[in-house]
Amino acid sequence: MISVSNLKKSYDSIQALKGISFQIEKGEFFGLLGPNGAGKTTTISILSTIVEPSEGTVSIAGFDLKKNPAECKKTIGVVPQEIALYNELSAYDNLLFWGGLYGVPSAELKTRSEEILKLFGLYDRRNDKVKTYSGGMKRRINIASALLHKPVVLFMDEPTVGIDPQSRNLIFEVVEKLHKEGMTIVYTTHYMEEAERFCDRIGIIDDGRIIAQGSLEELKKSCQMKETIVVSFVLLSDTIFDQIVSEWKDLKRIENSIHFYSSNVKSDLAKIIIRCSETGLDIVHIDIQKVNLETIFLSLTGKQLRD
Ligand SMILES: Nc1ncnc2c1ncn2[C@@H]1O[C@H](COP(=O)(O)OP(=O)(O)O)[C@@H](O)[C@H]1O
Ligand SMILES: [Mg+2]
């Protein structure tokens, strides 16, 4: 559905994108995960024809973005990072305005706007001016306005930053519903929980490059990261620790705890508990640290995802 090849973008001296490539299948939920300044918005802006790339090609639904921008635009709905709404207009009038821009015929636009206001839980407030809305409500209208022309592809650029939990949950529900109905979604975020929860595949972006991509399982495998079983003891003598070290390949001692690195937590956990009880060690705490996108990002870049 979407094919991006060797995309580059420079703003004067800043190279925002240094050669980005990815493919997205029809109906796929693709996440672009990366810290601030990684190049997520630049990528989305190019894909939605707002910004021209310095190099590289994009095709959407079989249309080349450069040769056929009008056809590409019909296919996509865009939820920009910065909310663009008319504060002096009501939510309903905002939708009529944006739907008109997308070329939705006026009779259809009215019913479509009403449907969508209901979907986003704002039908009762439809005639209130947007300036009276909370940030989360504005964000909901912002997303709603991208859906009026029934696009088959939806771009969402950090749609949950700085909004209340109620709006966030509603947005999650709508996004999951759209995905189930077969919409292709490109979703940027710096929250690894969101990427893990929704995305079929994830591209990890840092400093203008995609440094890894695949499903969560594929990313975990490609990083060859292991999960950690942290076992803390009342007391860990050197003699007993030496004994355990000789039996277990991959571990690290931190004071009275041992970090066991494991590729199979289920079977290793049982072994560890049995072995510790045989040696007379008193366990006070066990913690299992899973591999997640945060730890994968850390292992790939040496940086935290969040600043
Ligand atoms: N209009 C612009 N002019 C100059 N530099 C820009 C502009 N837009 C983005 N950049 C720079 O490009 C890089 C990528 O930015 P951006 O795509 O907004 O990242 P993200 O959305 O991942 O936070 C950053 O270093 C940013 O400062
Ligand atoms: Mg951004």
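Everything quoted here is computed from the prediction, not taken from an experiment.

The rules behind each value
Residues numbered from 1 in each chain as written. Chains lettered and ligands numbered in written order. Predicted model: local features only at pLDDT ≥ 70, side-chain atom pairs only at ≥ 80, totals over all residues. Heavy atoms only, no water. 1 Å grid on protein atoms, 1.4 Å probe; cavity = no way out; pocket = protein on both sides within 12 Å on 5 of 7 lines; lining within 4 Å. Points joined across faces, edges and corners; volume = space filled by probe spheres on them. Helix = DSSP H or I, 4+ residues; strand = E, 2+ residues; numbered from the N terminus. Nonpolar A, V, L, I, M, F, W, Y, C, P; charged D, E, K, R; others polar. Phe/Tyr/Trp six-rings, centres within 6.5 Å; stacked < 30°, edge-to-face > 60°. Buried < 20%, exposed > 50% of the residue type's maximum accessible area, 1.4 Å probe, protein only.

Trainee: Quick rundown of the layout of surface pockets? Include the residues and the values.
Mentor: The volume enclosed by the largest pocket comes to roughly 440 Å³. What lines the largest pocket is a set of 17 residues, and nearest its centre among them are Ile-76, Val-78, Trp-98, Leu-101 and Tyr-102. Looking at the lining of the largest pocket, the elements with two or more residues in it are α2 (69-75), β6 (76-79), α3 (91-101) and α5 (135-145). Considering each element in turn, the lining of the largest pocket owes the most residues, three residues, to α2. For the lining of the largest pocket, the residue count by class is 10 nonpolar, five polar and two charged.

Trainee: Tell me about the packing of aromatic side chains, and name the residues and values.
Mentor: According to the stated counting rule, one finds nine aromatic pairs in the structure shown. Measuring from ring centre to ring centre gives 5.0 Å for Phe-22 and Phe-30, while their planes differ by 20°; the resulting arrangement is stacked. Owing to a relative accessible area of 3%, Phe-22 belongs among the buried residues under this scheme. Taking relative accessible area as the criterion, Phe-30 reaches 0% and is therefore assigned buried. With a centroid separation of 5.2 Å and 75° between ring planes, the pair formed by Trp-248 and Phe-260 is classed as edge-to-face. Separated by 12 residues along the polypeptide, Trp-248 in the loop between α9 (238-247) and β12 (251-254) and Phe-260 in strand β13 (residues 257-262) bring together distant segments of the chain. For the pair Trp-248 and Phe-260, one class covers both residues: buried.

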